[in-house]
Amino acid sequence: MSSAIEALKALAEGFGTTFKHLGRKPITEQYPEYKRPLPERTRARIVLTCDPGGDERCVACFLCSAACPVSCISMEAAERKKDGRRYAGWFRINFGRCIFCGLCEEACPTSAIQLTPDFEICKRDVLSMVYEKEDLQVNHGGKDREYNFYRYAGVVTLVRGKGEHVKETEPVNIRSNMP
Amino acid sequence: MASWIIGFVLLLLKMAVVLGVLLLLAAYLVWAERKLLARFQVRYGPNRAGKFGLLQPIADGIKMITKEDLMPDGADRFIFLLAPAVVAFTALLMFAVVPFGEEITLFGQNVPMVISDLNVGLLFIIALSSLGVYGVALGGWASNSKYSLLGGIRGAAQMISYELSLGLSLIPIVMIAGSLSLVDIVKAQQNVWFIFVQPVSFVIFLISAMAESKRIPFDIPEAENELGAGYHMEYSGMRFGLFFIGEYVHMQVLGALTAVFFLGGWQGPFLPAPVWLLIKIVMVALVMIWIRGTLPRLRYDQLMAIGWKVLVPAALINIVITGAVILII
Ligand code: SF4
Ligand code: SF4
C-alpha cells in the first residue's frame with residue numbers, strides 16, 4: 001500500500017514538473033535572429049593572416065598541408081624577387097573536406113593559417129567550397145598580432161642577414177674560435 | 001423516392017464534414033503536440049512556417065507527398081502497401097458510430113447526428129480497434145526488416161495485454177446504460193456523467209486506450225531508441241503519412257470515446273452539441289500529450305504485467321461490484 005502511495009506521489013510530482021515548464025520561457029536561442037557570440041578560438045572558417053608589417057605570413061612550408069588529416073590544403077611555393085621571402089604562389093583549401101580540427105594552425109610555424117569563429121559557410125555548390133588564396137588572405141594578424149616570423153627566425157633574406165634578427169647573437173667567428 | 005435521395009445526400013454530407021474535421025484536427029493535433037511537447041521541454045517547437053508555426057502541418061503534408069515512396073527489397077509487396085491503409089482506415093471508420101448531437105430535423109427528415117447509429121456500436125468499435133493492430137503487425141512483418149518485425153511482434157503482444165481490459169472496463173457502462181448503442185449511452189448520462197459513477201472504469205479505460213493508441217508511455221512497437229521507428233521504419237512519404245494520420249485520428253477517436261462513455265458525449269450547456277464533443281476530444285487529446293511529455297516508455301513485460309495483473313482483475317472486480325449495486329438498487 002505504501003509503495004502505491006509513493007508511486008502516486010512520484011507520478012503527481014512528474015506531471016507537476018512538466019506542467020510548471022509550460023510557464024517557463026524557452027531557453028532556445030533563435031539562431032538566424034540571435035547569433036551567440038563565440039569564443040575567439042572557436043574553430044571554423046580558415047584565414048591566412050598578415051604580419052604587423054602587412055606582408056603575408058605564409059612561407060609555403062607545406063607543414064599545414066602535411067598535418068591536415070584529410071589532405072584538404074594544397075599550395076605551390078614561390079620566392080619573392082625583391083627580398084628573397086618565400087610565399088605561396090597559390091594556396092587552396094577545400095572546405096568541403098575540412099573538418100576544422102585546427103591541426104594546420106598548430107603546425108604552422110609563422111602563425112599564418114588561423115581558424116576563425118565564422119562558421120556560416122554553407123553553400124549549395126560543392127565546388128564553391130574550394131577557397132583560393134584571394135578568398136583566404138586577410139589583412140590583419142588574427143589572434144597573433146605581434147609575431148613576425150622573419151624578424152625572429154634566423155632565416156637569411158635580402159632584408160636581414162645573419163645575426164640581425166631579434167634576440168639573435170652575432171654568428172661565431174669560426175677562425176677566432178679555435179680551442 | 002425523393003426522401004431517399006435527400007437522406008443519401010445528407011449522409012454523404014455528414015461523412016464529408018466528419019472526415020474533413022477529423023483530418024484537419026489530426027493535422028493540427030500534430031502541431032499542438034509538437035508545440036506543447038516543446039514547451040514541456042522548455043523549447044519553442046515549430047515557429048518558422050507562418051505565425052506560431054501554424055502552417056507547419058501544410059509544410060509537412062507537402063513534404064510527405066513529394067517524398068520518394070520507397071519499398072525495401074524483399075518486402076511483401078501487397079501487404080506492405082496495404083498495412084498503412086488498414087491503420088488509417090480502421091481509425092477513420094471508428095468515427096462512424098460516434099454521435100455528435102441530438103437528432104435534428106432537416107428538409108422534413110429526421111437526421112440523426114451520427115453517421116450510423118449501430119445498435120452494437122460498442123462492439124463495432126472494439127472490433128475495429130483490434131483490426132487496427134493488423135496494420136501494425138502486418139506492416140512490420142511485410143517490411144522484411146528485423147526492427148520492423150520486432151515492432152510488429154510487440155504490437156501484437158501489446159494488443160493482447162490491453163484489449164481485454166479495454167473491453168472489460170466498458171461492461172459496467174453497458175450495464176448501467178442498458179445498451180450497446182453509443183447514442184443511448186450518451187443519453188443515459190443526461191443527469192450525471194459516468195466518470196463520477198465509474199471512476200475505476202474510467203482509469204482502466206484511459207490506460208488501455210493509451211496503450212491502444214501506441215503513444216508514449218505505451219509506444220513499445222515504435223520505440224525509436226530501440227527499434228529505429230519500429231513497425232513503420234521502412235515506410236516513407238505518404239505511406240508513412242498514413243500511419244501518422246492513423247495515430248492522430250486514433251487519438252481523436254479515443255478522445256471521442258472517452259467523451260461518449262464517461263464525459264457525457266455531446267451534452268453541455270450553451271454551446272451546440274458538436275462543439276461540446278469537439279472540446280472534450282481536444283481536452284482528452286491535450287491530456288494525452290501531457291502524459292506523453294511526462295512519462296517514460298514502459299518495458300514490454302511491464303505493460304504485460306500491468307495489463308494482466310492489475311487492469312484485468314480490477315476491471316473484473318469492478319464489474320462484480322457494479323452488478324451487485326445494480327441488483328440492490
Ligand atoms: S582544420 Fe584540420 S582539416 Fe581543416 S585544413 Fe586545417 S588541418 Fe585540414
Ligand atoms: S600556412 Fe603556415 S604551415 Fe601552411 S604553408 Fe604557410 S607557413 Fe607553412
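Up top you'll find the structure we're talking about.
Residues numbered from 1 in each chain as written. Chains lettered and ligands numbered in written order. Predicted model: local features only at pLDDT ≥ 70, side-chain atom pairs only at ≥ 80, totals over all residues. Heavy atoms only, no water.

### Considerations on the overall build of chain B
A tally of regular secondary structure across chain B gives twelve helices and two strands. Taken against the 2.2 N^0.38 rule, which gives 20 Å for 329 residues, the C-alpha radius of gyration of chain B at 20 Å falls within 12% of a compact globule. Structurally, chain B occupies a C-alpha span of about 60 × 50 × 45 Å along its principal axes. Taken across its 329 residues, chain B has 50% of its residues classed as buried. A fraction of 76% describes how many contacts in chain B between residues 6 or more apart in sequence connect residues 24 or more apart. (Helix = DSSP H or I, 4+ residues; strand = E, 2+ residues; numbered from the N terminus. Rg over C-alpha atoms; globule rule 2.2 N^0.38 Å. Buried < 20%, exposed > 50% of the residue type's maximum accessible area, 1.4 Å probe, protein only. Contact = heavy atoms within 4.5 Å.)

### A word on the interface of chain B and chain A
Interfaces are often described in size by the accessible area the parts lose on coming together. The partner chain A presents 15 residues to the 13 residues of chain B that form the contact. For the pair chain B and chain A, the two sides together bury roughly 1,400 Å², of which 63% comes from carbon and sulfur. For chain B, the biggest contributors to the area lost against chain A are R39(B), V42(B) and Y44(B); these three give 44% of the whole. At the boundary of chain B with chain A, the tally comes to one salt bridge. (Buried area = accessible area lost by both parts, 1.4 Å probe. Salt bridge = Lys/Arg side-chain N within 4 Å of Asp/Glu carboxyl O.)

### Overview of the site of ligand 2
Every one of the 13 residues lining ligand 2 counts as a neighbour, but C58(A), C61(A), C64(A), C108(A) and T110(A) are closest to it. Its residues placed into classes, the shell around ligand 2 shows twelve nonpolar, one polar and no charged. (Near = heavy atom within 4 Å. Nonpolar A, V, L, I, M, F, W, Y, C, P; charged D, E, K, R; others polar.)

### Section: the pairing of strand β2 (residues 73–79) of chain A
One ladder, built from seven bridges, connects β2(A) with strand β3 (residues 86–94) of chain A; its direction is antiparallel. Looking at the pairing, A78(A) lines up with Y87(A) of β3(A). (Pairing = 2+ DSSP bridges.)

### Here we look at the site of ligand 1
Near ligand 1 the following residues occur: I46(A), C68(A), P69(A), V70(A), C72(A), I73(A), C98(A), I99(A), F100(A), C101(A), G102(A) and C104(A). Class assignment for the residues of the shell around ligand 1 results in eleven nonpolar, one polar and no charged.

### A word on the sheet that holds β2(A)
If you walk across this open sheet you meet the three strands as β2-β3-β5 (chain A), and the pairing is antiparallel. For this open sheet the edge positions go to β2 and β5 (130–131) of chain A, each flanked by a neighbour on one side alone.

### Digging into helix α5 (residues 146–177) of chain B
Residues and elements named next belong to chain B. Its 32 residues give α5 an end-to-end C-alpha distance of 46 Å, which sits within 8% of 46 Å, the value for a rise of 1.5 Å per residue. Taken as a whole, α5 carries its principal kink of about 30 degrees at Y162. Two residues or fewer after α5 comes G178, characterised by a positive phi angle close to 75 degrees. (Expected span 1.5 Å × (residues − 1). Bend = angle between axes of the 7 residues up to and from the residue.)

### Some remarks on the packing of aromatic side chains
Given two aromatic rings, their pairing is described by the distance between the two centres and the angle made by the two planes. A complete count under the given rule lists 15 aromatic pairs over all chains for this structure. Between the aromatic rings of F95(A) and F100(A), the centroid separation amounts to 5.9 Å while the plane-to-plane angle is 15 degrees, which identifies the pairing as stacked. For F95(A), a relative accessible area of 3% translates into the label buried. Residue F100(A) is classed as partly exposed on the basis of its relative accessible area, which comes to 21%. Here a set of aromatic residues connected by ring pairs shows up, and it is made of F202(B), F205(B), F261(B) and F262(B). One Lys or Arg, R92(A), reaches over the ring of W90(A) and ends 4.5 Å from the middle of that ring. The ring of F52(B) has K51(B) sitting right over it, with the charged end atom 5.1 Å from the ring centre. (Phe/Tyr/Trp six-rings, centres within 6.5 Å; stacked < 30°, edge-to-face > 60°. Lys NZ or Arg CZ within 6 Å of the ring centre and 35° of its normal.)

### Brief notes about the pattern of salt bridges
Side-chain pairs of opposite charge can arise whenever the charged atoms involved come near each other. With the rule as written, the count across this model stands at 20 salt bridges over all chains. Across the pair D118(A) and R45(A) runs a salt bridge, and its minimum N-O distance is 2.8 Å. Placement of the pair is D118(A) in the loop between β4 (113–115) and β5 and R45(A) in the loop between α1 (2–22) and β1 (46–48), with a sequence separation of 73 residues. Take D118(A): its relative accessible area is 27%, and that puts it in the partly exposed class. Residue D69(B) pairs with R239(B) through a salt bridge whose shortest N-O separation is 2.9 Å. Taken as a pair, D69(B) in the loop between α2 (56–66) and α3 (77–94) and R239(B) in helix α10 (residues 237–262) lie far apart in primary sequence, 170 residues in all. Taking the relative accessible area as the measure of exposure, D69(B) reaches 42% and is therefore partly exposed. Members of the salt-bridge network, linked through shared partners, are D51(A), D55(A), R80(A), D83(A) and R85(A).

### Quick notes on helix α12 (residues 300–328) of chain B
All names here are of chain B. With 29 residues, α12 extends 41 Å between its outermost C-alpha atoms, agreeing within 8% with the 42 Å of an ideal straight helix rising 1.5 Å per residue. In α12, a bend of some 30 degrees at L311 exceeds every other bend along the element, and P313, a proline, comes one to four places later. Within the sequence span of α12, burial applies to L303, G307, L311, V312, A315, N318, I319, T322 and G323. The elements touched by buried residues of α12 are α5 and α8 (199–212).

### Focus: a negative patch on the surface
A cluster of acidic side chains, namely E102(B), E103(B), D117(B) and D184(B), defines a negative patch on the protein surface. Of note, E102(B) is situated in the loop between α3 and β1 (104–106). (Patch = residues over 30% accessible without salt bridge, like charges linked within 9 Å, V, L, I, M, F, W, Y side chains within 5 Å. Areas by Shrake-Rupley, 256 points an atom, 1.4 Å probe, with all protein chains shown as cover. Lys, Arg positive; Asp, Glu negative; His and termini not counted. Charge placed at Lys NZ, Arg CZ, Asp CG, Glu CD.)

### Observations concerning a nonpolar patch on the surface
All names here are of chain B. Taken together, I171, M175, I176, V192, W193, F196, V197 and I326 make up a surface patch of nonpolar side chains, about 640 Å² in accessible area. Counting residues per element, the ones that place at least two in the nonpolar patch are α5 and α7 (194–197). If you tally residues by element for the nonpolar patch, the top one is α5, at three residues. Examined against the element boundaries, I171 turns out to sit in helix α5.

### Describing the environment of T18(A)
Relative to the elements of secondary structure, T18(A) occurs in helix α1. The contacts of T18(A), once residues within four sequence positions are left out, are F40(B), W290(B), G293(B) and T294(B). One polar contact links the side chain of T18(A) to the main-chain carbonyl oxygen of F15(A), over a distance of 3.0 Å. (Polar contact = N/O pair within 3.5 Å; in protein donor to acceptor, adjacent residues only side chain to side chain.)

### Topic: the side chain of E222(B)
Residue and element names in this part refer to chain B. Residue position: E222 is located in the loop between α8 and α9 (224–227). Within the buried set, E222 has no salt-bridge partner at all; the shortest N-O distance to an opposite charge, 6.9 Å, is to R292. Leave out the neighbours within four places in its chain, and E222 touches K214, L227, G228, A229, G230, Y231, H232 and E247.

### Observations concerning the environment of I5(B)
Residues and elements named next belong to chain B. You can see I5 is positioned in helix α1 (residues 2–40). I5 sits in the partly exposed class, given a relative accessible area of 40%. C-alpha separation for the pair I5 and W141, spaced 136 residues apart in sequence, amounts to 44 Å.

Geometric values such as these leave the question of function open.
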